Structures are given as structure tokens and as C-alpha cells.
Amino acid sequence: MDCEPEELQFLGVVGIYQEAAKILAGWRRLFVKIAGALVLPLSILFFAHIAISHRLFSTIDSDESALDDAPPGSTSESSALQRVVSDWSAFLLFKGFYLVALLVLALLSTAAVVYSVASIYTARGDLAFRKVLTVVPRVWRRLMVTFLWAFLILLALNSATIALLVFILLMGGNSSAGPVLAILVVIPLYLVALVYVSVVWHLASVVSVLEDARGLEAMRRSRRLIQGKLLKASVIFVKLNLCFGLVEWAFRVLLVRGSGRGTGLSLVLGLLLLLLLCLVILFALAVQTVIYFVCKSYHHESIDKSNLADHLEAYLGEYVPLKSQDVQMEQLHV
């Protein structure tokens, strides 16, 4: 990184973007290989899920329409019912495979990028793609524990919100006060809480790789780190997710639902959107690692680069977590 550790706290949203871009550009050969091995398959999987799900739902709609039109008790009704059951079984199996594969590739990509950016921060000149691939399978297990805790927290948040909305609507009866309260109060509060938990979770993923913490402990550590930089991190999170959503929307509109384009044009559009999605994911992972160092600097904590290098090097052998006194930053008096 070009900035000194104590200067990172002064980076704004644009400064964080620039710092992440400099890292990716300065080590483009490494990150191109990481993108090709992990981020590209993740992006292909995501687009394939959209296209296949659209095709499966079209088939389900067609078979359900045939089931509705079939005379009761007829052979055609029985045949249509079998097709509907088969369609839903295929969809659920595909969805299960997709979620498992998505989780594995997302965690592996996160581990690779976070490890690489942190290694660059320690000014290690021997960082190579082969070394990153050696480390990733050992790091992603820690990320899995953190993900499971984040998933449980998000599940609790969603369940509580749904229960509250149902309660408000039932208590409101035919009155318009219930829907108004839900739209103006509950849903905005839910969105704020969702962004907060997501920001804490993404930072906790970095903490899980770079510190002796995982799971709920990493979430708590992330929550303390993000204090003072929550608004900035939330703005970055929302912007990057908007970019991700725009790429997804373009793929759905131009390729999945679009028609009348030649095969060549569709192929070019698909490749461009695939490249764009890879860049968005790779850039977002680099940004969340930079935010980690910015938060450390904001709290006047400075990582000893030699200790961090030792911590990262430990992944190459049998993993031995650093003790808290080795990993945690010493206070800087300014």
C-alpha cells in the first residue's frame, strides 16, 4: 500500500477505491490468475443459475398451466402432475447444488484475495499464485465458521422482521395504518439492520483470516472495528452491491429474457458481462480488505508487519494462530 499505516484512517470512499485499484493493478498478474481460477467460475456459476432457473420456471409454469386445463381424473391430468413434481424436484436439486457450490467458491475467493492483499501489505516479494492456492484450503475453514454465524444472525433478523410485519398487519385489520406503519417504519429499519449486519459480516471475514478470531468472536471484533467508519463502509457496501445488481439486471434483460439477437452478439454481450462481474467481485473483495486496515488505523492501532507476515506464513505449514498480543496492534499516540 502506498499510504503509511497511520495515514489510512484519513482515506475517504474514493481513496479506499483508489487504494484497492492500485493493489489490483500493481499485482495484476497474480490477481488475474486468482480471478481465472476462482472468481471466474464463481461468476459463471451465478449467471448459469440465473439462466437455468429461468428455463426451469418456464417449464414449471407451462406444466402447471397444462395441469389446470386437464380434465379432473383424466390421464392427461396424471401425466401433467407427474411432470410438475419432476420439474420441482429438478429445480430443488439444482438449487441445492448451486448454493453449496456458490458458498465454496465464494469462501475460496474471499480467502485468496484477503490473503493476497494482506501479504502485499507486508511487502512480501515472494507472493506467488501457487502459494496462494496452497493457503486457500486452510483459510476457508475459518471463513466457513464465520459465515455460519452470520447466516444464523441474518436468519434471526429476517424471521423477526416477517413475524413483526405479520403481527402489525393482523392487528391493523382492515385499517390502512398497518401497511403504512410497515412501509414507513419496519421495512426501512429492516434495511438498515440488513446493511449493518452485512457490513459487519464482510469485515469479520477479513478478521477471520488475519487475526486469531473466527465465528461469533470475529463478528464481535468486526463490530468494534467498524465503529467510527460504519457510514463510510455502508456507503461502499451499498454502492458495490448496486454495481453487482446492475450487472445481474443487464444479464437478465439482455440475454435471459432478450430475444432477436444473433448468436455472435449474444456471445459478445455474455463475455462482456461475465468480465464485468468478475471485476466487480474481485474489486469488492480487495476493498473490504483495505477497509480492515483503514479501521485499524482509525482506532490508532498498527499491525507489526513482521508479525502479520509470520501469521500469514503459518498457513503454509500447520496452522498455529497468533496469540492476541502478537496480532493486535499496539496503540499509536498522535
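Values in this document were obtained by computation on a predicted structure and should not be read as measured data.

(A) Inspection of the overall build of the chain at higher detail. Across its full length, the chain holds 10 helices and 2 strands. Listed N to C, the secondary structure of the chain is α-α-α-α-α-α-α-α-β-α-α-β in terms of helices and strands. Looking at the chain residue by residue over its 334 residues, the buried ones come to 42%. Here the contacts in the chain between residues at least 6 apart in sequence split such that 79% fall between residues at least 24 apart.

(B) Up close: the side chain of Lys296. Locating Lys296 in the fold gives a position in helix α8 (residues 263–298). Within the structure, the side chain of Lys296 is placed 2.3 Å from the side chain of Glu211, a separation counted as a polar contact.

(C) Here's a closer look at the nonpolar core. Grouped together as the largest cluster of nonpolar side chains are 80 residues, with contacts concentrated most on Phe31 and Phe47. Of all the secondary-structure elements, those providing two or more residues to this core are α1 (13–26), α2 (28–69), α3 (75–121), α4 (129–172), α5 (177–210), α6 (215–225), α7 (230–256) and α8. When residues in this core are grouped by element, the largest group, 16 residues, is from α8. With sequence-adjacent residues up to four places away left out, Phe31 is seen in contact with Ile23, Leu24, Val113, Ser116, Val117, Ile120 and Leu282.

(D) Region of interest: the environment of Val14. Within the secondary structure, Val14 is located in helix α1. The sequence separation of Val14 and Ile236 amounts to 222 residues, and the corresponding C-alpha distance is 9.3 Å.

(E) Looking closely at the UniProt feature "transmembrane region" (unreviewed entry) in the chain. Under the local residue numbering, the UniProt record ascribes the feature "transmembrane region" (unreviewed entry) to residues 30–52, 97–122, 143–170, 182–210, 230–251 and 271–295. As a span, residues 97–122 carries 96% helix and 0% strand, and end to end its C-alpha atoms are 38 Å apart. The span residues 182–210 shows a helical share of 100% and a strand share of 0%, and its end C-alpha atoms are spaced 41 Å apart.

(F) Quick peek at a positive patch on the surface. There is a patch of like positive charges on the surface, built from Arg28, Arg29, Lys33 and Arg130. If you tally residues by element for the positive patch, the top one is α2, at 3 residues. On the basis of relative accessibility, which here comes to 47%, the residue Lys33 falls in the partly exposed class.

(G) Inspection of the packing of α3 against α8 at higher detail. Two numbers describe how α3 lies on α8: the axes approach to 9 Å, and their chain directions differ by 50°. It follows that α3 is oblique to α8 by the angle criterion. The hand of the α3/α8 crossing is right-handed. Here Ser109, Thr110, Val113, Val114, Val117, Ala118 and Tyr121 of α3 lie close against α8, whose contacting residues are Leu282, Leu285, Ala286, Gln288, Thr289 and Phe293. Looking at side-chain class alone, the contact of α3 with α8 contains 9 nonpolar, 4 polar and no charged residues.

Cut-off values and rules
- Residues numbered from 1 in each chain as written.
- Predicted model: local features only at pLDDT ≥ 70, side-chain atom pairs only at ≥ 80, totals over all residues.
- Heavy atoms only, no water.
- Helix = DSSP H or I, 4+ residues; strand = E, 2+ residues; numbered from the N terminus.
- Buried < 20%, exposed > 50% of the residue type's maximum accessible area, 1.4 Å probe, protein only.
- Contact = heavy atoms within 4.5 Å.
- Polar contact = N/O pair within 3.5 Å; in protein donor to acceptor, adjacent residues only side chain to side chain.
- Core = buried A, V, L, I, M, F, W, Y, C linked by side-chain atoms within 4.5 Å.
- UniProt positions renumbered as here; feature names shortened; annotations may be inferred.
- Patch = residues over 30% accessible without salt bridge, like charges linked within 9 Å, V, L, I, M, F, W, Y side chains within 5 Å.
- Areas by Shrake-Rupley, 256 points an atom, 1.4 Å probe, with all protein chains shown as cover.
- Salt bridge = Lys/Arg side-chain N within 4 Å of Asp/Glu carboxyl O.
- Lys, Arg positive; Asp, Glu negative; His and termini not counted.
- Charge placed at Lys NZ, Arg CZ, Asp CG, Glu CD.
- Axes fitted to C-alpha atoms, helices over the stretch in contact; angles between N-to-C directions.
- Parallel < 35°, antiparallel > 145°, perpendicular 65-115°, else oblique.
- Left-handed = near helix turned anticlockwise from the far one by under 90°.
- Nonpolar A, V, L, I, M, F, W, Y, C, P; charged D, E, K, R; others polar.

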